[in-house]
Protein chains: 2
Amino acid sequence: MRKVAIKTPSKSYEVFIEAGLRREIGRRMDDVLAQPASSVLIISDSVVAPLYLDEVKNSFSDLAVHTAVIEAGEASKSFTVFEQLLTKALEAGLDRKSVIVALGGGVVGDIAGFVAATFMRGIRFIQVPTTLLAHDSSVGGKVAINHPLGKNMVGSFHQPEAVFYDTEVLYSLSEREWRSGFAEVMKHGLIRKPSFLTWLQTTISSLESIPVEVLDELLEQSIAVKAEIVAEDEKEAGVRAYLNLGHTLGHALETKLGYGKLTHGEAVVIGIVFAMRLSGKLCGLSANVDDYEKWFQRLGYDTKIPAHLQADELIETMMKDKKTEGGTIRMVLLRSIGEATTMTVSSDEIKQLLVEQVEVD
Amino acid sequence: MRKVAIKTPSKSYEVFIEAGLRREIGRRMDDVLAQPASSVLIISDSVVAPLYLDEVKNSFSDLAVHTAVIEAGEASKSFTVFEQLLTKALEAGLDRKSVIVALGGGVVGDIAGFVAATFMRGIRFIQVPTTLLAHDSSVGGKVAINHPLGKNMVGSFHQPEAVFYDTEVLYSLSEREWRSGFAEVMKHGLIRKPSFLTWLQTTISSLESIPVEVLDELLEQSIAVKAEIVAEDEKEAGVRAYLNLGHTLGHALETKLGYGKLTHGEAVVIGIVFAMRLSGKLCGLSANVDDYEKWFQRLGYDTKIPAHLQADELIETMMKDKKTEGGTIRMVLLRSIGEATTMTVSSDEIKQLLVEQVEVD
């Protein structure tokens, strides 16, 4: 089994990576908890629950295990579902020694984590990610729900007790879901680890069938980058912001198109290409962005901004980003491959480049 | 000006106590913030806002100051108002460098603090308590909203940057409101500081007119007890639970009677008398509880449980308390005046004593 240690000021824990781990959550949880759980609430979604909920539930013995299944999809990260899950936790009699298990992708991890962060002022939780994308979101303690006026606007930093990553379940994902998650893998190489990025470029030419040894290595390396950054800056006062490479435009694309039209990773890759081009203009990135764009395209990503979107609308949405301060747009850029920075950029500079990246009909 | 330093693992800050402080919040805030605020949202309620909101607002210069006024009363600590305040914060363009000012009693402090704890995963806030009761709730970082199934069930630990306590505003409170707050003052003496309790007993024979010098001393001493306990145990893993003396029964009384029938402090005093009698039976408290009960009565408190309440219903409600674990009732008791402990108590033991404390028609 592979392990990556996450050390933050508020908590240290491990990410366990192994095929078949979902069938051992109960026993493994006992190993990682300093104080035993009084009861468990597994939160999952309508896509994941039919596949894996019973296996995870049956891995617990001698413990009251409750379950809650939310609708799959970003729309569930709402105030309404948040309140419903808290009601479920109270009705099930959870107490301060109970543990919440988040079984699913980023949506489940984010909302279940926020329920754990706020139920009785915070109880413990375990992440059991089931998507490639969630290898990123399940690590580092960012939990949140959405507000109609913006994604992840309401949340906390609440670290899990452990992350149990069953690589077997990734093989039931669609290629689009692989693409969505792989964007964050590439991002980790781009902002911090050029050697990892080179390894990815030489090793991964298609997302259709990544061998399990390659997958394990890729996950361990990618999570290790996240671990480094989170250890340095748990609460995003500095370097953690680099993890948002591609996300300022990415989030705006998701918002303007409606969640689900582009996957998160597909939107982020368009944002990464944009940030790299802006980096060439503003902070000396000398890498050949065209080459990267071609690699992204070979992996099946669209790298152009959909033609019907207006640059002005995108900029307006980017201005509402959490990283925005005092009406400017603060972007994550690359000084070189592996070296990120943040920079305040004028909307004129952004507009000009946005227009250049728009898809030609 | 009097000051009490609060030192917790997550943050150190000060409580400032001075008459007229409300007119200086803006300037004082600048003094305590390491990084300047980008904008301010003052949250107040329908009783306090007409009296003091303008004065507080006018104390800020050169800063965008937004305001939100919620209905006075416990009913405002709801999911609905929580979401409305977050919407207000987003619409006002608050960002991660903004500061929320909670101007009001415990309800305003609790919900405004929870908004600050969760807006963009946590921004800074300032407590400006306007009631005696809030001398307790505004210190120590407990913030929350209520759930229909229980009080303060959804919340966080989020410490303020400072507490600005204007003693002048307390003199506009009704005697009932003084009583509500004074219960927590006595509680601090009971659990930690016998000399302070003796001073209170010899100095305070009526809550109708406490001289300002006495009030200042009382607040400083009472907040100092809270500061000691919070420094030892920020997140209520141990000694902080002692602050709940009288609250297990107190909360149950509030819940069963409906919030507002008894003030919080009035309910807590009934709970304190109950906990003291139980302490005599279970953990050797030798103090004469009758004498304390008579002092409480001289100060205007009812110390009996309203006759129409059923012991079984109260016990059922007490079982839903946050301190409950695995279906037992965990009570804060006194081994002696100044020395608290927690103990698991059977519902039979509780029932017998509850019946004895019921008011005789």
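All residue numbers here refer to positions counted from 1 along the written sequence of the relevant chain. Naming scheme: in the order in which they are written, chains are lettered from A and ligands are numbered from 1. In keeping with the model being predicted, local features are shown solely for residues with a pLDDT of at least 70 and side-chain atom pairs are shown and tallied solely at 80 or more, while totals for entire chains, interfaces and linings include all residues. As a rule here, side-chain values come from all non-hydrogen atoms in the structure, and water together with hydrogens is ignored.

A.B. asks: Teacher, can you tell me more about the pattern of salt bridges here?
C.D. replies: Any two side chains of opposite charge can pair, given that their charged atoms come close. The salt bridge criterion pairs a side-chain nitrogen of Lys or Arg with a carboxyl oxygen of Asp or Glu, the two atoms within 4 Å. By the definition in use, this model includes 58 salt bridges over all chains. Salt bridges sharing partners connect three or more residues here, namely Arg22(A), Arg23(A), Glu55(A), Asp166(A) and Glu168(A).

A.B. asks: Got a minute to help me understand the domain arrangement of chain A in this structure?
C.D. replies: Quoted interface sizes are often the accessible area lost when the parts come together. Residue and element names in this part refer to chain A. Each domain span listed reflects an automatic or database assignment of domains. Domains assigned within chain A are domain 1 (2–172) and domain 2 (175–357). Once you take the C-alpha centre of each, domain 1 and domain 2 turn out to be 26 Å apart. Contacts between residues were defined by any pair of non-hydrogen atoms, one from each residue, lying within 4.5 Å. Of the residues lining the interface, 29 residues belong to domain 1; the matching set on domain 2 comes to 34 residues. Taken together, both faces of the contact between domain 1 and domain 2 bury some 2,900 Å²; the carbon and sulfur share is 62%. Of all residues in domain 1, Arg2, Leu132 and Lys151 give up the largest surface area on contact with domain 2, accounting jointly for 21% of the area buried on that side. Counting every contact that joins domain 1 to domain 2 gives six salt bridges. For the purposes of these results, a polar contact is taken to be a pair of N or O atoms within 3.5 Å, where, inside protein, one atom must be able to donate a hydrogen and its partner to accept one; residues adjacent in sequence count only when each atom of the pair is a side-chain atom. There are 15 residue pairs in polar contact (both at pLDDT 80 or more) connecting domain 1 and domain 2. Runs of E in the DSSP output that reach at least two residues are strands. Runs of H or I that reach at least four are helices, and both are numbered from the N terminus. Mapped by element, the contributors of at least two residues to the side of domain 1 that touches domain 2 are strand 1 (2–7), strand 2 (12–17), helix 5 (134–137) and strand 8 (150–157). The element contributing the most residues to the side of domain 1 that touches domain 2 is strand 1, with five residues. When two parts are put together, the accessible area they lose, computed with a 1.4 Å probe and summed over both, is reported as buried area.

A.B. asks: Just checking my understanding: could you explain the sheet that holds strand 9 (residues 162–165) of chain B for this structure?
C.D. replies: Pairing between sheet strands relies on hydrogen bonds along the backbone, with the strands arranged either parallel or antiparallel. Residue and element names in this part refer to chain B. Strand pairing is assigned whenever DSSP identifies at least 2 bridges connecting the two strands. Taken in spatial order, the seven strands of this open sheet run 1-2-9-6-5-3-4, and their pairing is mixed. The open sheet has two edge strands with one neighbour each: strand 1 (2–7) and strand 4 (64–70). Put simply, the sheet's adjacent strands are angled 15 degrees from each other on average, direction ignored. The strands that helix 3 (residues 79–91) touches are strand 3 (39–45) and strand 4; relative to strand 4, the one it contacts most, it runs at about 165 degrees. Here the axes come from fitting lines to C-alpha atoms, over the contacting stretch only for helices, and the angles between their N-to-C directions go from 0 to 180 degrees. Sheet contacts for helix 4 (residues 106–118): strand 3, strand 4, strand 5 (99–104) and strand 6 (124–129); angle to strand 5, the most-contacted strand, approximately 170 degrees.

A.B. asks: Any chance you could explain the environment of Phe60(B) here in plain terms?
C.D. replies: Residues and elements named next belong to chain B. With respect to the secondary-structure elements, Phe60 resides in the loop between helix 2 (48–58) and strand 4. The classification of residues rests on relative accessible area computed with a 1.4 Å probe and restricted to protein chains. Under 20% of the type maximum is buried, over 50% is exposed, and intermediate values are partly exposed. For Phe60, a relative accessible area of 10% translates into the label buried. Between the C-alpha atoms of Phe60 and Ala311, which are 251 residues apart in sequence, the distance is 52 Å.

A.B. asks: Teacher, can you tell me more about the relation of the copies chain B and chain A here?
C.D. replies: Here the two chain copies are tied together by a rotation about an axis and a shift along that axis. In the superposition of chain B on chain A (RMSD 0.0 Å, axial shift 0.0 Å), the rotation amounts to 180 degrees. Taken together, the rotation angle and the small translation identify this as a two-fold axis. Identified as the residue of chain B closest to the rotation axis by C-alpha distance is Phe79(B), at 4.1 Å. A shared binding surface is used by both copies, with 100% of the interface residues of chain B retained as interface residues in chain A. Our superposition of the copies is a least-squares fit, built on the C-alpha atoms of residues whose pLDDT is at least 70 in both.

A.B. asks: Sorry if this is basic, but what is going on with the sheet that holds strand 2 of chain A here?
C.D. replies: Residues and elements named next belong to chain A. Across the sheet, seven strands lie side by side as 1-2-9-6-5-3-4; this open sheet has mixed pairing. Each edge of the open sheet is held by one strand with a lone partner, namely strand 1 and strand 4 (65–70). Within the sheet, the average angular offset between the axes of one strand and its neighbour, ignoring direction, is 15 degrees. Relative to strand 6 (residues 124–129), strand 5 (residues 99–104) is paired through six bridges, and the arrangement is parallel. Looking at the pairing, Ile100 lines up with Phe125 of strand 6. Where helix 3 (residues 79–91) meets the sheet, its contacts fall on strand 3 (40–45) and strand 4, and the angle it forms with strand 4 comes to roughly 165 degrees. Taken strand by strand, helix 4 (residues 106–118) contacts strand 3, strand 4, strand 5 and strand 6, and its axis lies near 170 degrees from that of strand 5.

A.B. asks: Help me understand the pairing of strand 3 of chain B in this model?
C.D. replies: Taken residue by residue, a regular strand's side chains alternate between the two faces of the sheet. All names here are of chain B. Of all seven residues making up strand 3, seven are buried, and the element is well covered by its neighbours. Both faces of strand 3 are covered, namely the face carrying Ser39, Leu41, Ile43 and Asp45 and the face carrying Val40, Ile42 and Ser44. Place the viewer so that the strands point away; then a crossover is right-handed whenever the path from the first strand over the helix to the second strand goes clockwise. The handedness of the strand 3 to strand 4 crossover, carried by helix 2, is right-handed. With five bridges joining them, strand 3 and strand 5 adopt parallel strand pairing. In the strand pairing of strand 5, Ile43 is matched with Ala102.

A.B. asks: What exactly am I supposed to notice about the side chain of Ser76(A) here?
C.D. replies: All names here are of chain A. For Ser76, the location among the structural elements is in the loop between strand 4 and helix 3. Since its relative accessible area comes to 4%, Ser76 is described here as buried. Discounting chain neighbours no more than four positions away, the residues touching Ser76 are Ile70, Glu71, Val81, Val107 and Ile111.

A.B. asks: Would you explain the interface of chain B and chain A in this entry?
C.D. replies: Contacts between the two partners involve 34 residues from chain B, matched on the other side by 34 residues from chain A. In total, about 3,000 Å² of surface goes out of reach between chain B and chain A, with carbon and sulfur atoms giving 60% of it. For chain B, the biggest contributors to the area lost against chain A are Arg96(B), Arg121(B) and Lys322(B); these three give 26% of the whole. On inspection of chain B and its partner chain A, the count reaches two salt bridges.

A.B. asks: Would you mind showing me how to read the packing of helix 9 (residues 247–257) of chain A against helix 12 (residues 311–318) of chain A here?
C.D. replies: Axes are the key here: two packed helices are described by the angle between their axes and the distance separating the axes. Residues and elements named next belong to chain A. Where helix 9 meets helix 12, the closest approach of the two axes is 9 Å, and the angle between their N-to-C directions is 115 degrees. What the angle tells us is that helix 9 and helix 12 run roughly perpendicular. Crossing of helix 9 against helix 12: the hand is right-handed. Contact residues: helix 9 offers Thr248, Leu249, Ala252, Leu253, Thr255 and Lys256, while helix 12 offers Glu313, Leu314, Thr317 and Met318. Any angle from 65 to 115 degrees is called roughly perpendicular, while one under 35 is roughly parallel, one over 145 is roughly antiparallel, and all others are oblique. Handedness of a crossing is defined here by the sense of rotation of the near helix relative to the far one, left-handed for an anticlockwise turn of less than a right angle and right-handed for a clockwise turn.

A.B. asks: Would you explain empty space enclosed by the protein in this entry?
C.D. replies: Gaps left between atoms show up when a probe the size of a water molecule is rolled over them. Residues and elements named next belong to chain A. A cavity here means a set of 1 Å grid points, computed over protein atoms only, where a 1.4 Å probe fits but cannot escape. A pocket is an open set with protein on both sides within 12 Å along at least 5 of 7 lines, and lining residues have an atom within 4 Å of a point. Grid points are joined across faces, edges and corners, and a volume is the space filled by probe spheres set on the points. Within the structure shown, the criterion is met by four cavities of 30 Å³ or more. Empty space within the largest cavity amounts to approximately 40 Å³. Asn244, Leu245, Gly246, His247, Thr248, Leu249, Gly271, Ala275, Met331 and Val332 together form the lining of the largest cavity. Put simply, the parts of the chain that give the lining of the largest cavity at least two residues each are helix 9, helix 10 (264–282) and strand 10 (329–336).

A.B. asks: Got a minute to help me understand the UniProt feature "binding site: Zn(2+)" (unreviewed entry) in chain A in this structure?
C.D. replies: All names here are of chain A. UniProt positions are given in the numbering used here, feature names are shortened, and annotations may be inferred rather than shown by experiment. Under the present numbering, the feature "binding site: Zn(2+)" (unreviewed entry) in UniProt falls on Glu184, His247 and His264. Spatially, the listed residues are clustered: although they cover 81 residues, their C-alpha atoms lie within 10.1 Å of one another. Of the residues annotated just before, the largest cavity has His247 among its lining. Of note, Glu184 is situated in helix 6 (residues 175–192). Contacts of Glu184, omitting those with residues within four sequence positions, involve Leu133, His135, Asp136, Ser222, His247, His264 and Val268. On the basis of relative accessible area, His264 is assigned to the buried category, the value being 14%. Those residues in contact with His264 that sit more than four places away from it in its chain are Leu133, Lys151, Ser180, Glu184, His247, His251 and Glu254. Within polar-contact distance, the side chain of His264 engages the side chain of Glu184 at 3.0 Å.

A.B. asks: Looking at this structure, I do not really get the packing of aromatic side chains. What am I missing?
C.D. replies: The relation between two aromatic rings is expressed through the spacing of the ring centres and the mutual angle of the planes. Pairing of aromatic rings covers Phe, Tyr and Trp, the last counted by its six-membered ring, and requires centre-to-centre distances within 6.5 Å; plane angles under 30 degrees mean stacked, over 60 mean edge-to-face, and any other angle means tilted. Inspection of every chain in the model, using the stated rule, returns 14 aromatic pairs over all chains. Residues Phe16(A) and Phe164(A) carry aromatic rings whose centres are separated by 5.3 Å and whose planes lie at 15 degrees to one another, so their mutual orientation is stacked. Of this pair, Phe16(A) sits in strand 2 while Phe164(A) sits in strand 9 (residues 162–165), and the two are 148 residues apart along the sequence. Of the residues examined, Phe164(A) reaches a relative accessible area of 1% and is grouped as buried. A ring pair is formed by Phe182(A) and Trp295(A), whose centres lie 6.5 Å apart and whose planes are at 80 degrees; its orientation type is edge-to-face. Of this pair, Phe182(A) sits in helix 6 while Trp295(A) sits in helix 11 (residues 289–298), and the two are 113 residues apart along the sequence. On the accessibility criterion, Phe182(A) (0% relative accessible area) is buried. The structure contains a cluster of three or more aromatic residues connected by ring pairs, namely Phe79(A), Phe82(B) and Phe114(B). Either the NZ atom of lysine or the CZ atom of arginine qualifies as a charge over a ring when it sits within 6 Å of the ring centre and within 35 degrees of the ring normal. Lys193(A) extends its terminal NZ or CZ atom over the ring of Phe196(A), reaching a point 5.9 Å from the ring centre.

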